[in-house]
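Fold and contact review
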Amino acid sequence: MALSYSSLCSKLSLIRHSSFLPDRLPLCRHYSSSKVRRGFARYVASTLQRANTKYEVFLKKRFPRFFLLYHTFVEGFKLLFRDAKDIRMIKVKMWSEGVKFQDLPYRDMEKLRQFRRDLIKAIPLVVISIPPFANYLVFVLMYLFPRQLLIPHFWTPRQQLEFRRVYHSLRAQHHSPVLKELEYTSQQVKNGHLQRQLKDLCAKVQSGANPKVSEILAVRSLFSRPPLGIKRMSIDHMRHISPLLFLTPRLPGFLIGQRLSSHGLELLQLDRALSRLGVHQLSDSELRQACYVRGLNADLLGVNQCREWLSQWLQVSCSLKESEVSLLLHSIVFLSANYPSGPSHH
């Protein structure tokens with residue numbers, strides 16, 4: 001049982017004064033120094049917890065907007081530390097058991113992928129905070145530019161929805177340019193039948209309809225070689241594909257090609273792991289996040305619509321070879337540009 005502060009002090013005093021008595025061993029044995037330290041630590045912890053609770057109540061009443069930020073940051077750090085602990089356990093498992101990334105369960109694979117992206121986003125903020133007294137500037141920047149500087153752990157629920165909508169709208173701006181690049185590139189296809197199929201596919205999406213899985217897979221052979229292979233596309237084409245994966249297009253062409261290839265293969269491996277798990281095993285939040293990563297903003301969609309779309313995506317993805325990963329990236333446009341407004345086909 002935890003000792004109160006007053007009783008603790010009186011007992012400590014008794015121990016100190018009893019040191020001059022010959023018969024002091026039973027008392028010292030009963031109140032050992034380790035028990036005193038444990039009792040004092042529990043007292044300090046409970047005192048700090050009470051003080052923190054009072055502080056939060058004060059902030060909530062007097063400064064509700066600041067309390068929301070404070071609460072979001074506290075909970076964000078808890079989530080971040082929990083994720084870091086999970087990542088460490090996954091890494092230890094991979095190292096000790098010789099498990100490769102592509103063989104991990106879906107949730108472990110997704111957690112590694114997202115944590116790596118969050119870490120990359122946090123690096124500039126860490127660099128800014130290195131100089132002396134720069135912490136004050138960092139807090140101001142975090143308050144003014146939460147979407148650009150903070151990872152999702154530190155977004156409020158309202159910001160989560162708002163920022164996802166903003167990022168998706170920026171991504172959707174590249175749907176039309178990607179389709180135009182495909183139309184232009186289709187002229188280089190020598191096989192007349194495949195050329196017509198590709199043009200018809202682009203025209204169908206541009207008209208506001210959703211293509212069938214079979215129509216997408218019919219042109220798969222075009223995306224494993226020039227001019228539509230993952231590293232064989234034109235630089236402009238790759239620059240329009242990059243934002244679909246939230247990658248910056250402001251890099252040299254060879255770097256863009258490498259990043260598209262690595263992220264595309266990672267997405268393909270994620271899809272295979274998700275197919276092994278099963279779409280119906282995902283929670284609602286996991287389901288919406290999976291759709292969002294693959295090009296669909298599912299915040300305003302029903303759960304059944306999300307499952308339907310993700311199942312259709314997996315039909316395409318799990319039919320592709322690694323050499324055809326370029327088609328998977330273009331499917332972000334084919335499958336999400338008109339969903340769910342256009343007619344749905346399976």
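Residues numbered from 1 in each chain as written. Predicted model: local features only at pLDDT ≥ 70, side-chain atom pairs only at ≥ 80, totals over all residues. Heavy atoms only, no water.

The protein chain is annotated in an unreviewed UniProt entry as LETM1 domain containing 1 of Amphilophus citrinellus. Taken from UniProt, the Subcellular location (unreviewed entry) comment for the protein chain reads in full: "Mitochondrion inner membrane". (UniProt positions renumbered as here; feature names shortened; annotations may be inferred.)

Of the regular secondary structure elements, the protein chain holds 16 helices and 0 strands. Contacts spanning at least 24 positions in sequence make up 64% of the contacts within the protein chain whose residues lie at least 6 apart. With the model as given, the accessible surface of the protein chain reaches about 20,100 Å², and the carbon-plus-sulfur share is 61%. (Helix = DSSP H or I, 4+ residues; strand = E, 2+ residues; numbered from the N terminus. Contact = heavy atoms within 4.5 Å. Areas by Shrake-Rupley, 256 points an atom, 1.4 Å probe, with all protein chains shown as cover.)

Helix length check: helix H16 (residues 325-336), at 12 residues, gives a terminal C-alpha distance of 17 Å against a target of 16 Å (1.5 Å per residue), a fit within 8%. Along H16, 12 of the 12 residues are buried, which leaves the element largely enclosed by surrounding structure. If you check which residues of H16 are buried, you get Val325, Ser326, Leu327, Leu328, Leu329, His330, Ser331, Ile332, Val333, Phe334, Leu335 and Ser336. On its buried side, H16 packs onto helix H9 (175-186), helix H10 (192-206), helix H11 (213-217), helix H12 (235-241), helix H13 (253-277) and helix H15 (303-317). (Expected span 1.5 Å × (residues − 1). Buried < 20%, exposed > 50% of the residue type's maximum accessible area, 1.4 Å probe, protein only.)

Mean pLDDT over the protein chain stands at 86; residues scoring 70 or higher make up 85%. This stretch, residues 1-31, has a pLDDT under 50; its non-local contacts, to residues over four places away or in other chains, come to 17 contacts. (pLDDT = per-residue confidence, 0-100.)

Right, let's talk about the packing of helix H14 (residues 284-293) against H15 for a bit. Between H14 and H15, the least distance of the axes is 10 Å, while the angle of their chain directions is 45°. Classified by the angle between their axes, H14 and H15 sit oblique to one another. For the pair H14 and H15, the sense of crossing is left-handed. On H15, the residues that touch Asp284, Leu287, Arg288, Ala290 and Cys291 of H14 are Val303, Cys306, Arg307, Trp309 and Leu310. Grouping the constituent residues of the contact of H14 with H15 by class yields 7 nonpolar, no polar and 3 charged. (Axes fitted to C-alpha atoms, helices over the stretch in contact; angles between N-to-C directions. Parallel < 35°, antiparallel > 145°, perpendicular 65-115°, else oblique. Left-handed = near helix turned anticlockwise from the far one by under 90°. Nonpolar A, V, L, I, M, F, W, Y, C, P; charged D, E, K, R; others polar.)

What follows covers H13. Along an α-helix, a turn takes 3.6 residues, which lines up residues three or four apart on a common side. Between the first and last C-alpha of H13 there are 36 Å, a value that for 25 residues agrees with the 36 Å anticipated at 1.5 Å per step. Remark: glycine 278 follows H13 within two positions and exhibits a positive phi of approximately 105°.

This part takes up unusual backbone geometry. Along the chain, proline 226 connects to proline 227 via a cis peptide bond; the corresponding omega equals 5°. Following the sequence through the fold, proline 227 ends up in the loop between H11 and H12. Note the cis peptide between tyrosine 339 and proline 340, where omega equals 5°. You can see proline 340 is positioned in the segment after H16.

Moving on, we get to the environment of leucine 228. Residue position: leucine 228 is located in the loop between H11 and H12. Residues in contact with leucine 228, not counting those within four places in the same chain, are Leu182, Thr185, Leu198, Leu222, Phe223, Met233, His237 and Ser326.

This structure, assessed with the given rule, holds 7 aromatic pairs. Ring plane angle 25° and centroid distance 5.7 Å describe the contact between tryptophan 309 and tryptophan 313, whose orientation is recorded as stacked. Placement of both tryptophan 309 and tryptophan 313 in helix H15 is noted, with a separation of 4 residues, approximately one turn of the helix. The class of tryptophan 309 is buried, set by a relative accessible area of 1%. Residue classification places tryptophan 313 among the buried residues on the basis of a relative accessible area of 0%. Through a chain of ring-to-ring contacts, the aromatic side chains of Phe73, Phe77, Phe81 and Phe154 assemble into a single cluster. Taking the ring centre of tyrosine 292 as reference, the NZ or CZ of arginine 164 above it sits at 4.3 Å. The positively charged end of arginine 171 is found above the aromatic ring belonging to tyrosine 292, 4.9 Å away from the centroid. (Phe/Tyr/Trp six-rings, centres within 6.5 Å; stacked < 30°, edge-to-face > 60°. Lys NZ or Arg CZ within 6 Å of the ring centre and 35° of its normal.)

Turning next to the packing of H9 against H10. Contact geometry for H9 and H10: axes closest at 10 Å, N-to-C directions at 160°. Relative to H10, the element H9 lies roughly antiparallel. The interaxial crossing formed by H9 with H10 has left-handed handedness. Where H9 abuts H10, its residues Leu179, Leu182, Glu183 and Ser186 lie against Gln195, Leu198, Lys199, Cys202, Val205 and Gln206. Tallied by class, residues from the contact of H9 with H10 come to 5 nonpolar, 3 polar and 2 charged.

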